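Each chain, letter by letter, is given below.
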Amino acid sequence: MKPSSEDGAAQAGGPWEECFEAAAQLALRAGQIIRKALSEEKRVSTKTSAADLVTETDHMVEALILQELQQRFPSHRFIAEEAAAAGAKCVLTPSPTWIVDPIDGTCNFVHRFPTVAVSIGFAVNQELEFGVIYHCTEERLYTGRRGRGAFCNGQRLRVSRETDLSKALVLTEIGPRRDPMTLKLFLSNMERLLRAGAHGVRVIGSSTLALCHLASGAADAYYQFGLHCWDLAAATVIIREAGGVVMDTSGGPLDLMSCRVVAAGTREMAVLIAQALQTINYGRDDERPLTFMGSQTKKVLLTPLMRPARPFRVSNHDRSSRRGVTASSLQELLTKTLDALVIASGLVTLVLEEDGTVVDTEAFFQTLGDNTHLMVLEKGQKWTPGATYIPARQLPKRQGIARVTFDLYKLNPKDVIGCLNVKATMYEMYSVSYDIHCPGLKALLRSLLLFLSHTAQMTGQCLVHTGTYMLRVLADTEERAVPSPRPRRGITSG
């Protein structure tokens, strides 16, 4: 079969094809963790300001991504958000460099607002080669490779070709600072664009996804002061490959470390936005203290996080022996399981007792719930379904068809009787309720008197009509009962 142009481009991609595939796979894996953690309780701390949030999931996802990449590409360099927050300097050298934002939209994530993403960019010789952004809740994978186009779940992206600011929808983000001067400048920039006639200015809480909306043509322009290189790297490639423009707010070429950007579907629109803005100085990413090296990445980020130990149930292959174990990591669980079940072999496989799914990665282990039932298989042993297996979280059995409850309550303390709520639940799934509102004592007496009055009036009317009718019936009867007079016979004389 003749190779397509895409196949030819893939062959021309050289050594970075493997890097791109690794980035896409890691983004999807990280997205699964974030999607699961979105609805769970979170431990939140702050970084540069009260609005600059970070969670343990940020650290866990970043560690997962960097661990995998370090193992596969040990000579590469890394720039990552939480490592920079810990004091590592962001240095973009000619070496192959990964630029990672584990959760873009952490504030959204903390509040369970579903606009969150994973962003992975890759640069060589200080030129961006590709970018991967995964919208975790909508499961949209945005990708862009230099000279290869931009796509969302396989569909090619095209930017808007709007050049008139008065017809534009503009996106932006606030940035982490909340001091009065910064807020004044931020609001002033929005006012300038709105006075220029822009249709609207939107803030969605995720700069990478806002830039993806621009790349897909859903918005016409984007600007921000205070974003970082990890917010911008992957999205820049996607926008450029979708036909858009990314530049500095001064109107010059983009400086990835300058913490400011203007992006648009057309150069005309980008220039109009840049000319309307007042600069907010956030410094530069590459002027932070300390030196950022690959070895320091491992030291700062790849040290396993101290997570609380969680309970698990483990058994051997035939379920003849079962033990309870607490562990915070997969390695700790394996070590304690071997000791608890007295297994001498070091080569074992850990699977879910319910269906035999292999638990072989730390990321998958962390997604397991408390009291999950696990099984240890030694060499040559196979998982078999158990007839008596009971899940750790068993749904309660439904009892009966329907349940009716009565609940008395008062809307006002002066109410004598109060109100009655009647609720019927069928099959423990569907419910119907009805409220009967009872008034206070005065209202109750008033209603009672009105009812008696109306009843008396109706009774009187009925008696009158009944009496009249009876008189008519009696009169008719009497007339029929009286006999008519007979005629007299005459006497004749002789």
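What counts, and where the lines are drawn
Residues numbered from 1 in each chain as written. Predicted model: local features only at pLDDT ≥ 70, side-chain atom pairs only at ≥ 80, totals over all residues. Heavy atoms only, no water. Helix = DSSP H or I, 4+ residues; strand = E, 2+ residues; numbered from the N terminus. Buried < 20%, exposed > 50% of the residue type's maximum accessible area, 1.4 Å probe, protein only. Contact = heavy atoms within 4.5 Å. Areas by Shrake-Rupley, 256 points an atom, 1.4 Å probe, with all protein chains shown as cover. pLDDT = per-residue confidence, 0-100. Expected span 1.5 Å × (residues − 1). Salt bridge = Lys/Arg side-chain N within 4 Å of Asp/Glu carboxyl O. Core = buried A, V, L, I, M, F, W, Y, C linked by side-chain atoms within 4.5 Å. Pairing = 2+ DSSP bridges. Axes fitted to C-alpha atoms, helices over the stretch in contact; angles between N-to-C directions. Phe/Tyr/Trp six-rings, centres within 6.5 Å; stacked < 30°, edge-to-face > 60°. Lys NZ or Arg CZ within 6 Å of the ring centre and 35° of its normal. Parallel < 35°, antiparallel > 145°, perpendicular 65-115°, else oblique. Left-handed = near helix turned anticlockwise from the far one by under 90°. Nonpolar A, V, L, I, M, F, W, Y, C, P; charged D, E, K, R; others polar. Patch = residues over 30% accessible without salt bridge, like charges linked within 9 Å, V, L, I, M, F, W, Y side chains within 5 Å.

(A) A look at the overall build of the chain. Within the chain, the regular secondary structure consists of 13 helices and 21 strands. Counting every position in the chain, which comprises 494 residues, the buried fraction comes to 43%. Taking contacts inside the chain between residues at least 6 apart in sequence as the whole, the part at least 24 apart equals 62%. Carbon and sulfur atoms provide 56% of the accessible area of the chain, an area that totals close to 27900 Å².

(B) Structural detail: the confidence of the model for the chain. Residue-level pLDDT values for the chain average 81, and 78% of them are 70 or greater. Taken element by element, the predicted model of the chain shows its lowest mean pLDDT in helix α10 (residues 294-300) (35) and its highest in strand β13 (residues 245-247) (97). Every residue in residues 1-12 scores below 50 in pLDDT, and together they form 5 contacts with partners more than four places removed in sequence or on other chains. Contacts of residues 392-396 to residues separated by more than four positions or lying in other chains number 5 contacts, the stretch itself having pLDDT below 50.

(C) How the structure looks around helix α3 (residues 56-72). Taking 1.5 Å of rise per residue, the 17 residues of α3 would be expected to cover 24 Å, and the 25 Å separating its terminal C-alpha atoms lies within 8% of that figure. Those residues of α3 lying buried are T57, D58, M60, V61, E62, A63, L64, I65, L66, L69 and Q70.

(D) Quick peek at the pattern of salt bridges. Per the counting criterion, the structure on display carries 16 salt bridges. Its salt-bridge partner being R148, residue E17 comes within 3.6 Å of it at the nearest N-O pair. Taken as a pair, E17 in helix α2 (residues 16-37) and R148 in the loop between β7 (140-145) and β8 (149-152) lie far apart in primary sequence, 131 residues in all. Here D179 makes a salt bridge to R177, at a shortest N to O gap of 3.4 Å. Exposure remark for D179: the relative accessible area of 29% places this residue in the partly exposed category. Residue R177 is classed as partly exposed on the basis of its relative accessible area, which comes to 30%.

(E) Local environment of the nonpolar core. Among the nonpolar cores identified, the biggest contains 40 residues, and I99, I133 and L256 are the most heavily contacted of them. Elements with a minimum of two residues in this core: β5 (117-124), β6 (127-135), β8, α7 (207-215), α8 (229-241) and β14 (260-264). A total of 9 residues in this core trace back to one element, the largest contributor, which is α8. With near-sequence residues (within four places) excluded, L256 lies in contact with L92, I99, L128, C229, L232, A233 and D285.

(F) Summary view of the sheet that holds strand β12 (residues 221-225). Across the sheet, which stays open at both edges, the 5 strands sit in the order β11-β10-β12-β14-β13 with mixed pairing between neighbours. With one partner strand each, in any of the chains shown, β11 (200-202) and β13 form the two edges of the open sheet. Across this sheet, the average inter-strand angle for adjacent strands is 20°, counted without regard to direction. For strand β10 (residues 169-172) and β12, the ladder comprises 3 bridges, and the chain directions are parallel.

(G) Looking closely at the packing of aromatic side chains. Under the criterion given, the structure shown has 7 aromatic pairs. Residues F312 and F365 carry aromatic rings whose centres are separated by 5.2 Å and whose planes lie at 35° to one another, so their mutual orientation is tilted. Of this pair, F312 sits in strand β15 (residues 310-315) while F365 sits in helix α12 (residues 362-366), placing them 53 residues apart in sequence. F365 matches F312 in its accessibility class, with the two residues each being buried. An aromatic cluster of at least three residues, connected via ring pairs, comprises W16, F20, F73, W98, F122 and F130. We note R145 situated over the ring of F20; from NZ or CZ to the ring centre the distance is 4.0 Å. It is R310 that lies over the ring of F365; its NZ or CZ is 5.5 Å from the centre.

(H) Looking closely at the packing of α2 against α3. It is the contact of α2 with α3, at a shortest axis distance of 10 Å, that shows an interaxial angle of 160°. Looking at the two axes, α2 sits roughly antiparallel to α3. For the element pair α2 and α3, the recorded crossing hand is right-handed. Across the interface between the two elements, E18, A22, Q25, L26, R29, A30, I33, I34 and A37 of α2 pack against T57, M60, V61, L64, I65, E68, L69 and R72 of α3. Tallied by class, the residues present in the contact of α2 with α3 amount to 11 nonpolar, 2 polar and 4 charged.

(I) Structural view of a nonpolar patch on the surface. Taken together, L445, L448, L449, F451 and L452 make up a surface patch of nonpolar side chains, about 520 Å² in accessible area. Relative to the elements of secondary structure, F451 occurs in helix α13 (residues 441-481). F451 sits in the exposed class, given a relative accessible area of 54%.

(J) The sheet that holds strand β16 (residues 322-327), seen in detail. Across the sheet, which stays open at both edges, the 4 strands sit in the order β16-β15-β18-β17 with mixed pairing between neighbours. Bordering the open sheet on either side are β16 and β17 (348-352), each of which pairs with just one other strand. Each strand of the sheet is rotated relative to its neighbour by a mean of 35°, with strand direction disregarded. The pairing of β15 with β16 spans 6 bridges and is antiparallel. Bridge pairing links P311 to T326 in β16. Its contacts with the sheet put helix α11 (residues 330-340) on β15, β16, β17 and β18 (372-378), and the angle it makes with β16 is roughly 150°.

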